[in-house]
Amino acid sequence: MPAVHTLLLEEALQDSPQTRSLLSVFEEDAGTLTDYTNQLLQSMQRVYGAQSEMGLATEQLSRQLLEYEKQNFALGKGDEEVISTLQQFAKTVGELNTLHSELATQMADRMIFPMIQFREKDLTEISTLREIFGIASDEHEAAMVKYSRLPKKKENEKVKAELVGEVAYSRRKQHQASMQYYCALNALQYRKRVAMLEPMLGYTQAQINFYKKGIDLVSKKMDSFLGSVSSMTQNIQAQLDSEAEAMRMTQRELLSMEDTVYMPDRDPAPVNRTLIQKAGYLNIRNKTGLVTTAWDRLYFFTQGGNLMCQPRGAVAGGMVLDLDNSSVMAVECEDRRYCFQITSPNGKTSMILQAESKREYEEWICTLNNISRQIYLTDNPEAVAIRLNQTAIQAVTPITSFEKRGEGSPNPDRAKPGGMQSSSGASQKTSSAPEPEDLIVPGTPIQFDIMLPASEFQDQNRAGGRRTNPFGETDDDRSPESDDSLLQQVFAVRFLGSMAVRSGQTQEVIYEAMRQVLAARAIHNIFRTTESHLMVTSSCLRLIDPQTQVTRIGFQLQEVTQFVAHQENGRLMGFVVEGRDWSEDDEEGEPSFSAFVFESNTEGDKICYTISLGKDIMEAKKDPEALVQLLKNMPLTNEGKFLLLDNETGNTANGGAPDEEESEA
């Protein structure tokens, strides 16, 4: 080995600049050694930490291999061969964990500990002695400065003796500190060589011992086991390759189909109207604020009589709505198409859904209607659904305008002013529920909209006819009839349909007309409705176009024989109008009845209450005293018209309806 440089102890007392210069070289070497030792110790600690983590990891791996047997896989538990193989591997990994733990202990004792001891003992001692040497040197310099300031002429022997003693003490102290410091620096040149070699020697010996024990552990008894595991994995890989090839063939076949498969509205399959189960994605409209809504795409499916919803990623679905006796109808949305609404029997719960295509749209409506009839509870629900669908198609034939009615069929638009008024005290049906055939002739056509002919509209304009103002404002050429009107109330409604009925003296005929109109709209996919304004006055009912203010159709109030709101869906209401049929050349004409069905934005009971009030006013006009009494009991506006549905009137005359005020037109 090369010679070791040392500091001469004999030169410590003299403390010459040459000695100080050589000392700075030794101090620089000690500083470099300290930095390198810290970095080397960090690397060794990282190796030791990794080995300790290896021991913990192998222990956890062994436990996790044993947990495979306890796993409850969704597709069934693992096969016994794999379980036994993993248990054998767990045992082997556990034995290897023992070797890793032992190797970590040897690294700590034979690599980390000697390096820490060298840093804490030798390098820390050098740093401490350097500080002591620096303090002693400063004290000696201070004593020499005091001694040098002694005066020439007036020497004080006592002060001189004190200074001489102080200089001697500080010089002796510096001499001792410097010799200790020099000795430590000289010894460090030997200690650093041992400190660098001893930890690596211990690390290498620990690794060799680890590998020897590992070879003894897994050399012979593991050969046959590893061979069997290798054969097993090869067989599994062969099965995987075969299955992968079959999946690739299937994938090519599926991708070779036409692009129409991916288009939502290009499905060539016909609509199945007899389904009693349905599943697929729908968009549901959710209210996010007072006037704002948002659409969410969720997966819906039917289960028995319930509509279920399963969000993406959810394990199971939850019930959204009970479909028994619910109402399913198409609705118009401003920003969406293929929308339909489901309303609970009590009318309190409703939701609007959107289908992805026209076929899905029609099938969902038909399926939900089939479920609402509780067909799924029958013994053969598919056959019942087919039979009901065929019967409905034969029984109900939609007609989209008044001009398309067949000859000889009663026309609800024939009602003219001056017709005979039905007696309010007409005899009612017996308590037994009438059959549908007794109320409406089977096969009666249904009219789904009211379209004002273009010729009639032109005639009104040429004749100078004025448009009806729904807010009761009139021009100078107003008719005497409007001047005599004490009641004018406007409701926003949508006309659903009308049809001829056998009688106008019972409310059951209106309920049956509602049922047939709604069923026919669903069966024949007639979902579009047009909003109109229904004006109720004390003399007539008028259906007004909200844009042109042209009266589409009107009836004298005395011709309205029955009116009622739906018992479950409060927004549905209807009335029966009596007319005359002169097709048989009868001078007086045979009485005919037509039922009209509407959906309103408000409660149907309010419209019925207004019609009833109009009839009361019409009857009261015949008797001035009765009219005066009626005016006393009813509140009026500043213009002398009836104020409808205020707090008092709404509770007394409307059967305890909620305290809600309708805008007075």
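Everything quoted here is computed from the prediction, not taken from an experiment. (Residues numbered from 1 in each chain as written. Predicted model: local features only at pLDDT ≥ 70, side-chain atom pairs only at ≥ 80, totals over all residues. Heavy atoms only, no water.)

K.L.:
Where do I start with the overall build of the chain in this structure?
P.N.:
Scanning the chain from N- to C-terminus turns up 13 helices and 16 strands. Split into buried and exposed, the 665 residues of the chain put 39% on the buried side. Restricting the contact set of the chain to residue pairs at least 6 apart, pairs at least 24 apart contribute 67%. Approximately 39000 Å² of the chain is accessible, and the part contributed by carbon and sulfur atoms is 51%. (Helix = DSSP H or I, 4+ residues; strand = E, 2+ residues; numbered from the N terminus. Buried < 20%, exposed > 50% of the residue type's maximum accessible area, 1.4 Å probe, protein only. Contact = heavy atoms within 4.5 Å. Areas by Shrake-Rupley, 256 points an atom, 1.4 Å probe, with all protein chains shown as cover.)

K.L.:
Would you explain the nonpolar core in this entry?
P.N.:
Nonpolar side chains in soluble globular proteins tend to end up buried together. Counting 29 residues, the largest nonpolar core has Leu23, Phe118, Ile126, Tyr181, Leu185 and Leu188 as its most contacted members. Those elements that provide at least two residues to this core are α1 (17–67), α2 (80–148) and α3 (157–218). If you tally residues by element for this core, the top one is α2, at 11 residues. Those residues in contact with Leu188 that lie beyond four places of it in its chain are Ala30, Leu33, Phe118, Asp122, Leu123 and Ile126. (Core = buried A, V, L, I, M, F, W, Y, C linked by side-chain atoms within 4.5 Å.)

K.L.:
What is the right way to look at unusual backbone geometry in this model?
P.N.:
Of all residues except glycine, most have a negative phi; of all peptide bonds, most are trans. We note that Asn325 has phi near 60°; this positive angle belongs to a residue other than glycine. Mapped onto the elements, Asn325 comes out in the loop between β4 (318–322) and β5 (327–330).

K.L.:
So what exactly am I meant to see when it comes to the pairing of strand β16 (residues 590–600) here?
P.N.:
Where a strand is regular, its side chains alternate between the two sheet faces. Among the 11 residues of β16, 9 are classified as buried, and the element is accordingly described as predominantly covered. Where strand β10 (residues 488–501) and β16 come together, 8 bridges link them in antiparallel fashion. When the bridges of β16 are listed, Val493 appears paired with Ser600. (Pairing = 2+ DSSP bridges.)

K.L.:
Help me understand the environment of Phe301 in this model?
P.N.:
Inspection of the secondary structure assignment puts Phe301 in strand β2 (residues 293–303). C-alpha separation for the pair Phe301 and Ala279, spaced 22 residues apart in sequence, amounts to 4.0 Å. If we skip the residues at most four places from it in the chain, Phe301 touches Lys278, Ala279, Asn306, Leu307, Met308, Cys309, Gln310, Gly317 and Trp364.

K.L.:
Whenever I open this one, the pattern of salt bridges confuses me. Can you help?
P.N.:
Side chains that differ in charge, positive against negative, can pair when their charged atoms come close. Across all of its chains, the model carries 22 salt bridges by this definition. The shortest N-O distance in the salt bridge between Arg130 and Glu27 comes to 3.8 Å. Of this pair, Arg130 sits in helix α2 while Glu27 sits in helix α1, placing them 103 residues apart in sequence. One salt bridge in this structure joins Asp122 and Arg191, with 3.2 Å as the shortest N-O distance. Placement of Asp122 in helix α2 and of Arg191 in helix α3 is noted, with a sequence separation of 69 residues between them. Among the ionic contacts, a cluster of salt bridges with common partners joins Lys278, Arg359, Glu360 and Glu363. (Salt bridge = Lys/Arg side-chain N within 4 Å of Asp/Glu carboxyl O.)

K.L.:
I tried to follow the pairing of strand β7 (residues 350–354) on my own but got confused; where do I start?
P.N.:
Of all 5 residues in β7, 4 are buried; the element is thus mostly enclosed. Note that strand β1 (residues 279–287) and β7 share 2 bridges and pair antiparallel. In the sheet register, Ile284 faces β7, and the bridge partner there is Leu353. Pairing of strand β6 (residues 339–343) with β7 involves 5 bridges; the strand directions are antiparallel. By the bridge assignment for β7, Phe340 is matched with Leu353. Adjacent in sequence and paired antiparallel, β6 and β7 are bridged by 6 residues, among which Gly347 carries a positive phi angle near 75°.

K.L.:
What's the story with a nonpolar patch on the surface in this structure? I'm lost.
P.N.:
The grouping of Leu254, Leu255, Met257, Val261 and Tyr262 at the surface amounts to a nonpolar patch, some 530 Å² of accessible area in total. Counting through the fold element by element, Val261 comes out in the loop between α4 (223–255) and β1. (Patch = residues over 30% accessible without salt bridge, like charges linked within 9 Å, V, L, I, M, F, W, Y side chains within 5 Å.)

K.L.:
Which parts of the structure should I look at to understand α2?
P.N.:
Since there are 3.6 residues in each turn of an α-helix, residues three or four apart along the chain are aligned in direction. The terminal C-alpha atoms of α2 lie 98 Å apart, and with 69 residues this matches the ideal 102 Å at 1.5 Å per residue to within 8%. Maximal helix bending in α2 amounts to about 35°, located at Ile112; proline Pro114 follows within four positions. (Expected span 1.5 Å × (residues − 1). Bend = angle between axes of the 7 residues up to and from the residue.)

K.L.:
Can you walk me through the sheet that holds β5 in this structure?
P.N.:
Within a beta sheet, neighbouring strands are joined by backbone hydrogen bonds and run either parallel or antiparallel to one another. If you walk across this open sheet you meet the 7 strands as β4-β3-β2-β1-β7-β6-β5, and the pairing is antiparallel. Looking at strand neighbours, the two that pair on one side only are β4 and β5, the edges of this open sheet. Within the sheet, the average angular offset between the axes of one strand and its neighbour, ignoring direction, is 40°. Its contacts with the sheet place helix α5 (residues 358–372) against β1, β2, β3 (306–310), β5 and β6, and it is angled at close to 15° to β6. (Axes fitted to C-alpha atoms, helices over the stretch in contact; angles between N-to-C directions.)

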